[in-house]
Amino acid sequence: MIDKSESPLSNAAFRRVWIGATVSAAGDAASWVALVAYALGLAHGSVAILAVLYTAPVAVGGLVAGWALDRYDRRWLLVGDSLVRAAVFGTVPLAAVWGGLTAVQLYMVAGVYGLLKMTSLAGFPALIPELVAPGQLMAANALESVSFGIAGLVGAVGAGVAVATVGAGYVVAFDVLSYVIFALCLLGTRIGAGPARAVTRPATVSRRGGGLGPVLRLMVREPVLRDTTFMFALFNIGEGALLVVLPERAVEYGLGAGGYGYLVAAVTGGELLAALVLLRWSWRPSLTRSVVLASLVAAMAVLAVLVPSPWVAVVGLVGLGGCAAAMTTWAQTLRMAAAPSDVHGRLFAVLRTLMQATPPLGAGLAALTLRDGVAATVLAICALMAMPALAFARDLAAAGARYRAADGRTPDRVGAGDQA
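Worth saying up front: this structure is predicted, and the values here are computed from it rather than measured.

Caption draft 1: Quick peek at the overall build of the protein chain. Tallying secondary structure elements over the protein chain gives 15 helices and zero strands in all. Counting over 420 residues, the protein chain shows a buried share of 52%. Once local pairs closer than 6 in sequence are excluded, the contacts in the protein chain between residues at least 24 apart make up 84%. For the protein chain, the accessible surface area stands at approximately 17400 Å², while carbon and sulfur atoms represent 70% of it.

Right, dumping it as structure tokens:
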């Protein structure tokens, strides 16, 4: 069990940034519900366009954000990002009050969000090694998963109630306030003068290089980075397909209009539960082997969706969410140890951009395979989650011998030869 004094939350700097990031993420989850509510009342088909513009620009913005996070002060970039998004989102309730809100304005706001999204999504993990000691990395990464879990549940549920009672404008206004809160938390935090950075490897990738080429080469050379990237990309294709399957199953289960939400909430609940467990207990087994095992267990958990009982499906989805959150925490800890901290901005931007890009492929896969029945799609999902883990198991096990599995501290052996 992790002693309370060892928790990253006992570190005032990390605690302040974590709270601000959680509030901001809750605002994002809430404002998406509000933007959809506005779009539904404006024009036919506007929700689909809104969704595309809300996500697609990540592919461009993520690469720029990674470069900027490694070249400039990360704290000030996050402050600027928060204030810009606060100003942009603030135009929505103002226009609604004045009666001038249009679908085009919603599209522009969604596009700006998508373009800037990766700044905070990659910026927060890039800051973690500058905020906590090396031995606290896994707990800090688990807390990031807790942050997303809390924000997703509270933001979406709260927005649903608020849109139905006080109106969507107040929800977007809360998101504006959440950006300001995050900016203030960052401004009140001294970063860079505290704990030592997590890794001291030779500067094979320099911040001054500024480009993505050296980072991509590092990802190819380093087994932990290369293998987990492929695994997670394919895993997320499976999750994207599952999100198309779940509405079908919700109808078949007779769960009513809110059935899809209940099934998605089961996944989110599992993610939050796993993050809390990892935060509370020290994880001693090999992290690389744990990632492989969790991927295989997740694949088996998906099979529960084929069972006629909705309760069995919910249990399976909770297990899926728990495995996904644990995999994210363990892999992120390994990645921090596998790369020098001055490239974490570019590294996490590239990785998370790839992760954000693959779920739509899963939705397309499900659209094709559902014609042959739900069972065919679920089996395809299981294969996408399990086969890469089996393929990379030996490679990851060998790479894992270079790391101390218990707490994400620096590799046991470092040197130029380690990246060959």
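After that view of the structure, there is still more to cover.
Caption draft 2: Expanded view of the pattern of salt bridges. Counted according to the given criterion, the structure contains seven salt bridges. We note a salt bridge from E130 to R74, for which the minimum N-O separation is 2.8 Å. Highlighted residues: E130 in helix α5 (residues 103-131) and R74 in helix α4 (residues 74-98), separated in sequence by 56 residues. Here E130 and R74 have matching classes, each one buried.

Caption draft 3: Summary view of a nonpolar patch on the surface. Judged by side-chain polarity, W76, L83, F174, L177, V180, L184 and L187 come together as a nonpolar surface patch covering roughly 650 Å² of accessible area. Secondary-structure elements contributing two or more residues to the nonpolar patch are α4 and α7 (168-187). Sort the elements by how many residues they give to the nonpolar patch and α7 lands first, with five residues. Mapped onto the elements of the fold, F174 is located in helix α7.

Caption draft 4: Up close: helix α11 (residues 287-302). Over its 16 residues, α11 extends 23 Å from the first C-alpha to the last, a length consistent with the 22 Å expected when each residue adds 1.5 Å. All of the buried residues along α11 are L287, T288, S290, V291, V292, A294, S295, A298, A299, A301 and V302.

Caption draft 5: Molecular detail of the environment of A110. Structurally, A110 is set in helix α5. Owing to a relative accessible area of 0%, A110 belongs among the buried residues under this scheme. Apart from residues lying up to four places away in sequence, A110 is in contact with L50, L53 and Y54.

Caption draft 6: Inspection of helix α6 (residues 137-165) at higher detail. Across its 29 residues, α6 extends 41 Å between first and last C-alpha, which sits within 8% of the 42 Å expected from 1.5 Å per residue. G167 sits one or two residues past α6 and shows a positive phi near 110 degrees.

Caption draft 7: Just the packing of helix α1 (residues 12-40) against α5, in detail. In contact at an axis separation of 12 Å, α1 and α5 are set at 160 degrees when each is read in the N-to-C sense. In terms of axis orientation, α1 runs roughly antiparallel to α5. Every pair of crossing elements has a handedness; the one defined by α1 and α5 is left-handed. Contacts between α1 and α5 pair A13, F14, V17, W18, A21, D28, L35, Y38 and A39 from the former with L106, Y113, F124, I128 and L131 from the latter. Split into classes, the residues belonging to the contact of α1 with α5 amount to 13 nonpolar, no polar and one charged.

Caption draft 8: Quick peek at the side chain of Q332. Structurally, the position occupied by Q332 is in helix α12 (residues 310-338). By relative accessible area, Q332 is classed as buried at 2%. Setting aside residues no more than four positions away along its own chain, Q332 makes contact with P125, I128, N141, E144, F348 and R352.

Caption draft 9: Geometry of the packing of aromatic side chains. Summed over the entire model, instances satisfying the criterion amount to five aromatic pairs. Cluster of aromatic residues (ring-pair linked, three or more members): F89, Y113 and Y179. Note that R335 overlies the ring of F232, its terminal NZ or CZ placed 5.0 Å from the centroid.

Caption draft 10: Structural view of the nonpolar core. Formed by 45 residues in total, the largest nonpolar core has its most connected members in L242, V302, L317, L320, W330 and M385. Looking at this core, the elements with two or more residues in it are α6, α9 (223-253), α10 (259-280), α11, α12 and α15 (374-400). Not counting the four nearest positions on each side in its chain, V302 is found in contact with L242, L320, V378, I381, C382 and M385. By size, the runner-up hydrophobic cluster in this structure holds 40 residues, among which are V79, L143, L186 and L347.

Caption draft 11: Region of interest: the confidence of the model for the protein chain. Taken residue by residue, the protein chain gives an average pLDDT of 80. The fraction at 70 or more is 85%. Across the protein chain, the element-wise mean pLDDT spans from 70 in helix α2 (residues 46-55) up to 94 in α7. The low-confidence segment residues 1-5 (pLDDT under 50) makes ten contacts with residues lying over four places distant or belonging to another chain. Confidence drops under a pLDDT of 50 for residues 193-209, and excluding neighbours within four residues, the segment shows 53 contacts in the predicted structure.

Caption draft 12: Focus on the packing of α1 against α6. Look at α1 against α6: their axes get within 7 Å of each other, and the N-to-C directions meet at 35 degrees. As α1 packs across α6, the resulting crossing turns out to be right-handed.

Caption draft 13: Region of interest: the environment of V244. Summarising the element assignment, V244 is placed in helix α9. In this structure, the C-alpha to C-alpha distance between V244 and T377, residues 133 residues apart in sequence, is 9.7 Å. When sequence neighbours within four positions are dropped, the list of residues in contact with V244 reads A363, A366 and L370.

Cut-off values and rules
The numbering scheme is per chain: residues are counted from 1 as the chain's sequence reads. Selection of residues for local features in this predicted model requires a pLDDT of at least 70, selection of side-chain atom pairs for listing and counting requires 80 or more, and totals for whole chains, interfaces and linings are taken over all residues. Remark: hydrogens and water are excluded; side-chain values derive from all non-hydrogen atoms of the structure. Each helix corresponds to a stretch of at least 4 residues labelled H or I by DSSP, and each strand to a stretch of at least 2 residues labelled E; elements are numbered beginning at the N terminus. Relative accessibility under 20% of the residue-type maximum defines a buried residue, over 50% an exposed one, and the middle range a partly exposed one, all with a 1.4 Å probe and only protein chains included. In this description, contact between two residues means that some pair of their heavy atoms is separated by no more than 4.5 Å. Working definition of accessibility: Shrake-Rupley area with a 1.4 Å probe, residue cover restricted to the visible protein chains. Put simply, a salt bridge is a Lys or Arg side-chain nitrogen that is within 4 Å of an Asp or Glu carboxyl oxygen. Only residues whose relative accessible area exceeds 30% and that form no salt bridge are eligible for patches; like-charged ones are grouped when within 9 Å, while nonpolar side chains (Val, Leu, Ile, Met, Phe, Trp, Tyr) are grouped when within 5 Å. Helix span, expected: 1.5 Å multiplied by one less than the number of residues in the helix. In this analysis an axis means a line fitted to C-alpha atoms, helices contributing only their contacting stretch, and an angle means the value between N-to-C directions, from 0 to 180 degrees. These descriptions rest on fixed angle ranges, namely under 35 degrees for roughly parallel, over 145 for roughly antiparallel, 65 to 115 for roughly perpendicular, and the rest for oblique. Note: crossing handedness is left-handed where the near helix turns anticlockwise from the far helix by less than a right angle, and right-handed where it turns clockwise. When residues are grouped by polarity, Ala, Val, Leu, Ile, Met, Phe, Trp, Tyr, Cys and Pro land in nonpolar, Asp, Glu, Lys and Arg in charged, and all others, Gly among them, in polar. The rule is short: rings of Phe, Tyr and Trp, with Trp giving its six-membered ring, pair when the centres are within 6.5 Å, and they are stacked under 30 degrees, edge-to-face over 60, tilted in between. Either the NZ atom of lysine or the CZ atom of arginine qualifies as a charge over a ring when it sits within 6 Å of the ring centre and within 35 degrees of the ring normal. Joining through side-chain atoms within 4.5 Å is the link that ties buried Ala, Val, Leu, Ile, Met, Phe, Trp, Tyr and Cys residues into a set, and such a set is a nonpolar core. Per-residue confidence from the prediction method is given by pLDDT, with values spanning 0 to 100.

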